[in-house]
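This is what each chain is made of:
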Amino acid sequence: MKKFSKTLRDNWIFLLMVLPGALWLILFFYIPVFGNVVAFKDYHMTSNGFIDSIVNSKWVGLDNFRFLFSSKDAFIITRNTVLYNLGFIFIGLIVSVGIAIILSELRSKRMVKIFQTSMLFPYFLSWVIISFFTDAFLNIDKGVFNHFLTSIGMKEVNFYADLGIWPYLLLFLGIWKGFGYSSVMYYATIMGIDPTYYEAATVDGASKWQRIRNITLPQLTPLITVLTILAVGNIFRADFGLFYTVTRNGGGGSLYSVTNVLDVYVYNGLSGTGDITMAAAAGLYQSVVGLILVLVSNLIVRRIDKDSALF
């Protein structure tokens, strides 16, 4: 106890600095965890508040989870969610690492800053703004592409009913919005690599590609592994703004087979029925599956390379 008291006295200034963040985590992350019990109840609001509503709601076990699996569209929803996220993870990784390596090879630091700023800009745009930009190109009446098609004598195309372009367009927009942020992290790691490695390789006659393959990529591997493990944990979550807003409220029935992901499906179900227990069940399902995927991915990485594992 005396040792604990001494530790508090010696480090009170640091604990005071951490206190706001700790309170924020407790209030908005840990306390709300207990609200997951709603996923297992037939929740109905009462006049006595949220806690009383939970206590007096009927326990229904796993019935609320049947909504996610009983639908005839469960396969389409799962397929879209997983495949899109796999595309974001692996294609985004290649693009981000490639851009970071290219930036590291530029001699002009001024140009590096300009490129980094321009690539980071989309990351801070909301999907609402991006949806307006997208509509400016794809709109059937005033869109740039249709205006060009009509100017050369071709018929207008209703892109918002064309299934063929949307898988590629959604992948492009998702990667375009996020690769600037990821590439900055990889670029910072590359800048931290000991330059003597490159000098020794140059003296030994290594080409630029050989230096990248044998020095840069191995040094980036731990960061790539950690970020990929974390991304795998979110593989059952979809960017609601991308799949709902950009496609004009999910694209309606015309784009259903290529835009309907788990988050959009839950939103449509919630807005149609007003049943928050279903949304709570979906959120808990995503979190549990994400946790399992992170643990399994980390275990696999630990068996291959212990130093690259997350924990």
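See the structure shown above.
Because the structure is a prediction, the values reported are computed rather than measured.

Peer 1: Help me out: how do you make sense of the nonpolar core in this one?
Peer 2: In globular proteins that are soluble, nonpolar side chains generally tend to be buried together. Counting 42 residues, the largest nonpolar core has Tyr 84, Trp 166, Leu 242 and Phe 243 as the members making the most contacts within it. Put simply, the parts of the chain that give this core at least two residues each are helix H5 (74-105), helix H6 (109-120), helix H7 (127-138), helix H9 (166-191), helix H10 (195-203), helix H11 (208-232) and helix H12 (240-245). Element by element, the count of residues in this core is highest for H9, at 10 residues. In this view, Leu 242 contacts Phe 88, Trp 127, Leu 170, Leu 173, Gly 174 and Thr 247; residues no more than four positions away in its chain are not counted. Val 38, Tyr 265, Leu 284 and Val 289 belong to the second largest nonpolar core, which has 19 residues in total.

Peer 1: Could you clarify how one ought to interpret the packing of aromatic side chains in this entry?
Peer 2: The description of an aromatic ring pair rests on the distance of the ring centres and on the angle between the ring planes. Scanning the model with the defined rule gives 15 aromatic pairs in all. Measuring from centroid to centroid gives 5.3 Å for Tyr 123 and Phe 124, while their planes differ by 85°, and the two rings are edge-to-face. Overall, Phe 124 belongs to the exposed group, its relative accessible area being 63%. Ring geometry for Tyr 123 and Tyr 181: centres 4.7 Å apart, planes at 10°, overall stacked. Of this pair, Tyr 123 sits in the loop between H6 and H7 while Tyr 181 sits in helix H9, and the two are 58 residues apart along the sequence. Looking at Tyr 123, the relative accessible area reads 33%, which means it is partly exposed. With relative accessibility at 40%, the residue Tyr 181 sits in the partly exposed group. Ring-pair connections join several aromatic residues into one group, and the members of that group are Trp 24, Phe 28 and Phe 29. In this structure, Lys 177 packs its charged tip against the face of Tyr 123, placed 5.8 Å from the ring centre. Sitting over the face of the ring of Trp 127, Lys 177 holds its NZ or CZ atom 5.3 Å from the ring centroid.

Peer 1: Help me understand the pattern of salt bridges, please; the structure alone is not making it clear to me.
Peer 2: Opposite charge on two side chains lets them pair, provided their charged atoms get close. Across all of its chains, the model carries 3 salt bridges by this definition. Asp 135 is paired through a salt bridge with Arg 248; the nearest N and O atoms lie 2.5 Å apart. Pair noted here: Asp 135 is in helix H7 and Arg 248 is in the loop between H12 and helix H13 (256-259), with a separation of 113 residues, a long-range link.

Peer 1: Even after reading the chapter, I still don't get the side chain of Thr 81, so can you show me in this structure?
Peer 2: Take Thr 81: it is sitting in helix H5. What makes Thr 81 buried here is its relative accessible area of 2%. Those residues in contact with Thr 81 that lie beyond four places of it in its chain are Ile 235, Phe 236, Arg 237, Val 261 and Leu 262.

Peer 1: Even after reading the chapter, I still don't get the environment of Ala 200, so can you show me in this structure?
Peer 2: You can see Ala 200 is positioned in helix H10. Here the alpha-carbon distance between Ala 200 and Asn 139, two residues 61 residues apart in the chain, equals 56 Å.

Peer 1: How should I be thinking about H5 in this particular structure?
Peer 2: Its 32 residues place the ends of H5 47 Å apart at the C-alpha level, agreeing with the 46 Å of an ideal helix rising 1.5 Å per residue. Considering bend angle alone, the principal kink of H5 is centred on Gly 92 and spans about 25°.

Peer 1: When you look at the environment of Gly 274 in this model, what are you seeing that I'm missing?
Peer 2: Following the sequence through the fold, Gly 274 ends up in the loop between helix H14 (262-273) and helix H15 (276-304). Considering only alpha carbons, one finds Gly 274 and Ser 287, 13 residues apart in sequence, at a separation of 22 Å.

Peer 1: What exactly am I supposed to notice about the packing of H10 against H11 here?
Peer 2: Two quantities define a packed helix pair, namely the angle between the helix axes and the distance between the axes. It is at 10 Å that the axes of H10 and H11 come closest, and there the two elements cross at 165°. Looking at the two axes, H10 sits roughly antiparallel to H11. The two elements H10 and H11 cross, and the hand of that crossing is right-handed. Facing H10, whose interface residues are Tyr 197, Tyr 198, Ala 201 and Thr 202, H11 presents Arg 211, Ile 215, Thr 216 and Gln 219.

Peer 1: Please clarify how H7 should be interpreted in this entry.
Peer 2: Three or four residues apart is the spacing at which side chains of an α-helix point the same way, because the helix has 3.6 residues per turn. Helix length check: H7, at 12 residues, gives a terminal C-alpha distance of 16 Å against a target of 16 Å (1.5 Å per residue), a fit within 8%. Along H7, the residues classified as buried are Trp 127, Ile 130, Ser 131, Thr 134 and Leu 138. Projected down its long axis, H7 shows its buried positions confined to an angular sector of 105°, all on one face. Among the structural elements, helix H8 (144-151), H9 and H12 are those in contact with the buried residues of H7.

Peer 1: Any chance you could explain the side chain of Thr 247 here in plain terms?
Peer 2: Mapped onto the elements, Thr 247 comes out in the loop between H12 and H13. Residue Thr 247 is classed as buried on the basis of its relative accessible area, which comes to 0%. Polar side-chain contacts of Thr 247 include one of 2.6 Å to the backbone oxygen of Phe 243. Here Thr 247 is in contact with Tyr 160, Trp 166, Leu 170, Leu 242, Leu 255 and Thr 259, once residues within four sequence places are set aside.

Calculation criteria
- In every chain, residue numbers begin from 1 and rise along the written sequence.
- Side-chain atom pairs in this predicted model are given and counted only at pLDDT of 80 or more, local residue features only at pLDDT of at least 70, and totals for whole chains, interfaces and linings cover all residues.
- Only hydrogens and water are set aside when side-chain values are computed; all heavy atoms of the structure are taken into account.
- Here, nonpolar core means buried Ala, Val, Leu, Ile, Met, Phe, Trp, Tyr and Cys residues that are tied together by side-chain atoms lying within 4.5 Å of each other.
- Here the term buried applies to any residue with accessible area under 20% of the maximum for its type, exposed to any over 50%, and partly exposed to those in between, with areas from a 1.4 Å probe on protein chains only.
- Labels follow the DSSP assignment, with helices taken as runs of H or I lasting at least four residues and strands as runs of E lasting at least two, numbered in each case from the N terminus.
- Contacts: residue pairs with any heavy atoms within 4.5 Å of one another.
- When the centres of two rings from Phe, Tyr and Trp lie within 6.5 Å, Trp using its six-membered ring, the rings pair. Their planes under 30 degrees apart give stacked, over 60 give edge-to-face, and anything left gives tilted.
- In our convention, an over-ring charge means Lys NZ or Arg CZ found within 6 Å of a ring centre and within 35 degrees of that ring's normal.
- Salt bridges are defined by distance alone: a side-chain nitrogen of Lys or Arg within 4 Å of a carboxyl oxygen of Asp or Glu.
- One less than the number of residues in a helix, times 1.5 Å, gives the span that helix is expected to have.
- Fitting axes to the seven residues that end at a residue and to the seven that start at it, the angle between those axes gives the bend at that residue.
- Note on geometry: axes are lines fitted to C-alpha atoms, helical ones only across the stretch in contact, with angles between N-to-C directions running from 0 to 180 degrees.
- Orientation is classified from the angle alone, with under 35 degrees giving roughly parallel, over 145 giving roughly antiparallel, 65 to 115 giving roughly perpendicular, and any other angle giving oblique.
- Note on convention: near helix rotated counterclockwise from far helix by under a right angle means a left-handed crossing. Clockwise means right-handed.
- The directions considered for the arc are those from the helix axis to the C-beta atoms.
- Polar contacts here mean pairs of N or O atoms no more than 3.5 Å apart (in protein, one a potential hydrogen donor and the other a potential acceptor; neighbouring residues in sequence count only if both atoms are side-chain atoms).

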